[in-house]
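Okay, here's what each chain looks like letter by letter:
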Amino acid sequence: MQANRVEGRGLIDRDAPLNFRFNHEKMQGYAGDTVASALLANGQRLMGRSFKYHRPRGPLSAGPEEPSALLTIGRYEHEDPNVRATVRELYDGLRARSQNHRGSLERDFMAVTDLMNRFFGAGFYYKTFMWPAKFWESLYEPIIRAAAGLGALPGDNDPSQYEHGCRHCDLLIIGAGPTGLMAALTAGRAGARVILADEDFLMGGRLNAESHEVGGMAGSAWAAQAVAELAAMPNVRLMPRTTVFGVYDGGVYGALERVGEHQAEIPADLPRQCMWKLVAKRAILCAGAIERSIAFENNDRPGIMLAGAARTYLNRYGVAAGKSVAVFTNNDDGWRTAEDFRDAGLDVAVVADARADAKERDGFRTIAGGVIADSVGRLGVHTATIRHKTGTEDSVRADLIAVSGGWSPAVHLTCHQGCKPVWREDIAAFVPGANPPQGLTVAGAAQGDFSTSACLAGGASAAQAALADLGFEAPAMETPEAEDGATMITPFWKVEGCQRAWLDHQNDVTVKDIAMSYKEGFKSVEHMKRYTTLGMATDQGKTANVPAIALMAELTGKSIQETGTTVFRPPYTPVPIGAFGGRHRGKHFHPTRLTPSHDWAAANGGDFVEAGLWLRTQWFRQGSEKGWRDSVDREVVTTRSKVGVCDVTTLGKIDIQGADAGEFLDRVYQNGFSKLAVGKCRYGLMLREDGIVMDDGTSARFAEDHYVMTTTTAKAGQVMRHLEFCRQCLWPDLDVALISTTEQWAQYAVAGPHARDLLRKVLDAEHDISNDALPYMGCAEVTVCGGVKARIFRLSFSGELAYEIAVPCRYGHDMMEVLMKAGEEFGAEPYGTEALGVMRIEKGHAAGNELDGRTTAGDLGMGRLGAKKNTDFIGKTMAQREGLQAEDRAVMVGLKTVEPTAKIGGGAHFLEKGAEPTLETDLGWIASVAWSPELNNYIGIGFLKHGKDRMGDRLRAWDGVRGTDIEVEICSPHMVDPEGERLRG
């Protein structure tokens, strides 16, 4: 085991061995390993198969940009597919297996596709399998879908827990390499609230992967010292294992913390992952840079990796990715790999430097102007073919080819709000553009400063500038001494004459595919991306995009800047859907809100239904009743003849205060409220900007500067968001404040002839609720049950004498019991939403079925509501559009079935007698229906063309879905007590 460990190298804990399995084979690693480093230590270079050709693949990188070494980690329902082995932390007992192969990893039957590669070029599925057409769905598509894909989900529900969180800071620093650590030290010592987030489990970035010194000590030691100092600061929060994956408006950053993934058994009180919303006044991107490869024939074999990755495995993990290395580079950085391997006592077979003026260095066989043209080895490279600048070739034995094509700054987060990167010739890479997201600055290698000294100085400078903006006095920082060598590079993208030279190692996109894209007219980088699928894999083209863009630039004769880049969008690295969902799964996918009387209702025969986010009582069953209709009919009759109590807490309640509260309501409602008297309520209709009705409700005025608005249950959240938008964006100059109080007040409707008698027994004696003292549409602040603060509203949705009484929610359950106890002598009974619906249909009150996003105030018979209002309001102008004022628009009417017991359904259409059911003969539709115990008839509310002129007419209610065709009579929607004598009594 671990034959490839190098003594004296690495930051792993050799006193903490860890046992794990790969494809059922027992292996061993150490604490501090990743799965990839542990596999390489055990001599396992082959880790997977590519997507299209099922080519053998090993790790290309040592970080989150990894396209090839994708594994399935875990067992049974805990299996996690497509895990990058280069970033998954090793733990004892870990189970890993390769994926995307039929048969064993070494003998993949699907590798036959590689033998037929000439038929499977870029876009082959667009141009093949075209005939016969009927074969596509029955044969071709099933075969392609069965062959496609990488890892597979386990199929069982994920038992892991996920969490959401929010943190605020003065300064967010993204990346804990030398730049990020220096920035954090600067800001931390200044007393600013700092969050330092890094995707690695060991902070330090490239300092942990290099052999040079910082401040007279090993770079990794300096990093550990800096991290220890930051950890001791109370104003600094370190967030390792945290990837900042997206930049959003208002200084908001999305971050994913891998809380428990590095443990074999996640403690019950910890989530597997936490999705963080980080809110920062300023942020510094210190994400470093990503190395890229050079394309040459068969450059994808296991054992061929980026030169920086080879150094990482050696210096951080103490692993020799090969016993004999051939280095292929076009820049000075590639030489570091050769030097580190030599210093570790490993064989450096050759250094092929594509620069013609490359100088030989002592101890190395140097091929100036030379390239690696090909590689040999079925399941892992063992020979490199060297091509000299004279054109001659020779072979070198090497089980590791380390390639360095230069470094690309990790600009991705700077592009999430439309900032386009720009090309810098001196480093042959894209750097952040001039307009990054507001509040975000870039420092270090992420903006093209590649030396360690420049990164340290850049981090301190960026932090000092951010602190100055925030009003902090930045301390003077002494930058530790570090290497400051310039990295010279001569761009070199591919070896001439190569065809099967890979750019995108996961999606099997080659140099030839880019040429094919160009020939077929897909020359835009976005078109090229979609034609070839380059950059569309889990790595999002982090190592492939720049070389591909450079090759397309060569083909088109344009500069790389003119060719441009593809669009970078969140997330920066893959984020599991479970993390987005957090706790919102199963029963918690939508939070279930229970009304204050829920327990009382459950104990008294309540039958519940989901209403928006609430669970409301539909009806209350009693022993002898055979079905829901019996219960609903009884509740309606009792309420209309005696008294009924209904929990209406779910109605949205919004507290509106401020000197301009009345004017604010004038602008959001169709009718006016600024002149509403204190102690009065008024019905209001709210329009969208397009003139369509959004919601309706009542607003009560308790003081000159204090209103309480009610909304429908379903639209409570939408209306609150709408009001906040109006307050913050449309009229920020108005003195008005809003807060949702839906959950703070328990509210009950008490309706029926004895409603006032019941409430007199509940309200404290000093409160007069007689018809003169509290008339219809009145409101007042009162006390109940000996001093409990309450509010009372004289409102009626049922059409009876009715009130709504509201108390603080903590008294809600007790209030229901008190109301029912007080109502015993009057025959009081509770009623649910079905009875409420029946009574509102009898009275012609519009509700959700009628406010369906298509109806106007005129359609509802409320066109004159606020007609004399001179002030502007939302939707006023658009409501005057010709189509919304057309004479033949369907308006709200009532209806009764000619045969009283003939059951009609919502959604039926109005037709003339004898008319065929077509769009041309359609006269309107029925929105709501119910059986009316009061009228002993099926009734409904609908919308009918020229409805006002058709009172008394008989039409057909045709329902093609239910197969019914029933004769109905059109009438006023106010079918019970049309004059409103009961509610005003």
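All values derive from a computational prediction rather than experimental measurement.

Along its length, the chain carries 21 helices and 50 strands. Seen through its C-alpha atoms, the chain measures out along the principal axes to roughly 105 × 75 × 55 Å. Burial statistics for the chain: of 985 residues in total, 57% are counted as buried. Pairs at least 24 residues apart make up 67% of the contacts formed inside the chain by residues separated by at least 6 positions. With the model as given, the accessible surface of the chain reaches about 41500 Å², and the carbon-plus-sulfur share is 51%. Both charge centroids of the chain, one from 108 positive and one from 126 negative side chains, sit 3 Å from each other.

To continue, consider the sheet that holds strand β31 (residues 593-594). Ordered by their spatial adjacency, three strands build an open sheet running β31-β33-β32, and the pairing between neighbours is mixed. Each edge of the sheet is formed by a strand with only one pairing partner; in this case those strands are β31 and β32 (606-611). Lying on the sheet, helix α21 (residues 833-843) is in contact with β32 and β33 (614-620); it crosses β33 at an angle near 75°.

Quick look at the sheet that holds strand β18 (residues 324-329) now. The sheet built from five strands is open, its strands ordered β17-β24-β18-β19-β20 with parallel pairing. Strand pairing shows two members of the sheet lacking a second neighbour, β17 (304-306) and β20 (366-368), which therefore form its edges. The average undirected angle you get between the axes of adjacent strands in this sheet is 20°. As defined by bridge partners, β17 adjoins strand β24 (residues 400-404) across three bridges and the pair is classed as parallel.

Quick look at the packing of aromatic side chains now. On inspection of all chains with the given rule, the structure shows 15 aromatic pairs. Centre to centre, the rings of Trp600 and Phe620 are 6.1 Å apart; their planes meet at 65°, and the pair counts as edge-to-face. Placement of the pair is Trp600 in helix α15 (residues 598-603) and Phe620 in strand β33, with a sequence separation of 20 residues. Residue class for Phe620 comes out buried when judged on its relative accessible area of 6%. Both rings, one in Phe664 and one in Trp731, keep their centres 5.9 Å apart while their planes meet at 85°; by these two values the pair is edge-to-face. Placement of Phe664 in helix α17 (residues 661-668) and of Trp731 in the loop between α18 (716-730) and β39 (737-740) is noted, with a sequence separation of 67 residues between them. With a relative accessible area of 0%, Phe664 lands in the buried category. A relative accessible area of 15% means that Trp731 is categorised as buried. Put simply, the rings of Phe296, Phe328 and Phe492 touch in pairs and so form one group of aromatic residues.

Before going further, it helps to spend a moment on the state of the cysteines. Under the criterion given, the structure shown has zero disulfides. Not engaged in a disulfide, the cysteine Cys726 finds its nearest cysteine sulfur in Cys729; these two sulfurs lie 8.7 Å apart. The class of Cys726 is buried, set by a relative accessible area of 0%.

All right, on to helix α5 (residues 178-189) then. Taking 1.5 Å of rise per residue, the 12 residues of α5 would be expected to cover 16 Å, and the 17 Å separating its terminal C-alpha atoms lies within 8% of that figure. Counted residue by residue, α5 has 11 buried out of 12 residues, so it is predominantly covered. Looking at the buried residues of α5, the elements they touch are β8 (162-174), β9 (194-197), α6 (219-231), β12 (236-239), β15 (273-285) and α9 (452-470). In the stretch just after α5, Gly191 is the one whose phi turns positive, near 90°.

Attention now moves to unusual backbone geometry. Omega for the peptide link from Pro570 to Pro571 comes to 0°, which places this bond in the cis form. With respect to the secondary-structure elements, Pro571 resides in the loop between α13 (560-563) and α14 (577-581). The backbone phi angle of His946 is positive, close to 55°, even though this residue is not glycine. The residue His946 is located in the loop between β48 (937-945) and β49 (954-959) in this model. Assessed through its relative accessible area of 41%, His946 is described here as partly exposed.

Take α6 next. Across its 13 residues, α6 extends 18 Å between first and last C-alpha, which sits within 8% of the 18 Å expected from 1.5 Å per residue. The set of residues buried in α6 consists of Gly219, Ser220, Trp222, Ala223, Ala226, Val227 and Leu230. Projected onto a plane normal to the axis of α6, the buried residues spread over an arc of 160° and lie on a single side.

Leu71 and Tyr313 are the most contacted members of the largest nonpolar core, which totals 50 residues. Here this core takes six residues from helix α1 (residues 35-41), the largest share from any one element. Leave out the neighbours within four places in its chain, and Tyr313 touches Ala36, Ser37, Leu40, Pro59, Ser61, Ala62, Thr86, Met305, Gly318 and Val319. Among the nonpolar cores identified, the runner-up in size contains 34 residues, and Leu181, Leu196, Met203 and Leu207 belong to it.

Looking now at the environment of Pro436. Along the chain, Pro436 turns up in the loop between β27 (429-431) and β28 (440-442). When the C-alpha atoms of Pro436 and Thr414 are compared, they prove to be 5.1 Å apart, with 22 residues separating the residues in sequence. Aside from chain neighbours lying at most four places away, what touches Pro436 is Thr414 and Cys419.

Here the focus is the side chain of His412. Mapped onto the elements of the fold, His412 is located in the loop between β25 (407-409) and β26 (422-424). Residue classification places His412 among the buried residues on the basis of a relative accessible area of 10%. Ignoring anything within four residues of it in the chain, the contact list for His412 reads Ile290, Lys542, Phe568 and Tyr572.

Turning our eyes to something else, we now look at the pattern of salt bridges. In the structure shown here, the tally under the stated rule is 57 salt bridges. Across the pair Asp353 and Arg355 runs a salt bridge whose closest N-O atoms are separated by 2.9 Å. Given the relative accessible area of 0%, Asp353 is considered buried. Three or more residues are tied together by salt bridges with common partners; here these are Arg206, Glu210, Arg311, Asp333, Arg336 and Glu483.

This paragraph deals with a nonpolar patch on the surface. Taken together, Val112, Leu115 and Met116 make up a surface patch of nonpolar side chains, about 290 Å² in accessible area. Looking at the secondary structure, you find Val112 in helix α2 (residues 112-115).

Here Ile304 lies in strand β17. According to the relative accessible area criterion, Ile304 is buried, its value standing at 3%. Along the chain, Ile304 and Arg45 lie 259 residues apart, while their C-alpha atoms are 9.6 Å from each other. Sequence-distant contacts of Ile304, defined by excluding residues within four places in its chain, comprise Pro59, Leu60, Phe296, Asn298, Asn299, Ser375, Val381, Ile401 and Val403.

Let's shift gears to the pairing of strand β42 (residues 788-793). A regular strand carries its side chains on alternate faces of the sheet. Judged by how many residues are buried, β42 sits mostly within the fold: five of six residues are covered. Both strand β41 (residues 779-784) and β42 contribute to a ladder of six bridges, which runs antiparallel. Each residue of the ladder has a partner; that of Thr783, found in β42, is Lys789. What sits between β41 and β42 in their antiparallel hairpin is a turn of three residues, with Cys785 showing a positive phi close to 50°. For β42 and strand β43 (residues 802-808), the ladder comprises three bridges, and the chain directions are antiparallel.

Here is what the cut-offs are and how they apply
- Residues numbered from 1 in each chain as written.
- Predicted model: local features only at pLDDT ≥ 70, side-chain atom pairs only at ≥ 80, totals over all residues.
- Heavy atoms only, no water.
- Helix = DSSP H or I, 4+ residues; strand = E, 2+ residues; numbered from the N terminus.
- Buried < 20%, exposed > 50% of the residue type's maximum accessible area, 1.4 Å probe, protein only.
- Contact = heavy atoms within 4.5 Å.
- Areas by Shrake-Rupley, 256 points an atom, 1.4 Å probe, with all protein chains shown as cover.
- Lys, Arg positive; Asp, Glu negative; His and termini not counted.
- Charge placed at Lys NZ, Arg CZ, Asp CG, Glu CD.
- Pairing = 2+ DSSP bridges.
- Axes fitted to C-alpha atoms, helices over the stretch in contact; angles between N-to-C directions.
- Phe/Tyr/Trp six-rings, centres within 6.5 Å; stacked < 30°, edge-to-face > 60°.
- Disulfide = S-S within 2.5 Å.
- Expected span 1.5 Å × (residues − 1).
- Arc of directions from axis to C-beta.
- Core = buried A, V, L, I, M, F, W, Y, C linked by side-chain atoms within 4.5 Å.
- Salt bridge = Lys/Arg side-chain N within 4 Å of Asp/Glu carboxyl O.
- Patch = residues over 30% accessible without salt bridge, like charges linked within 9 Å, V, L, I, M, F, W, Y side chains within 5 Å.

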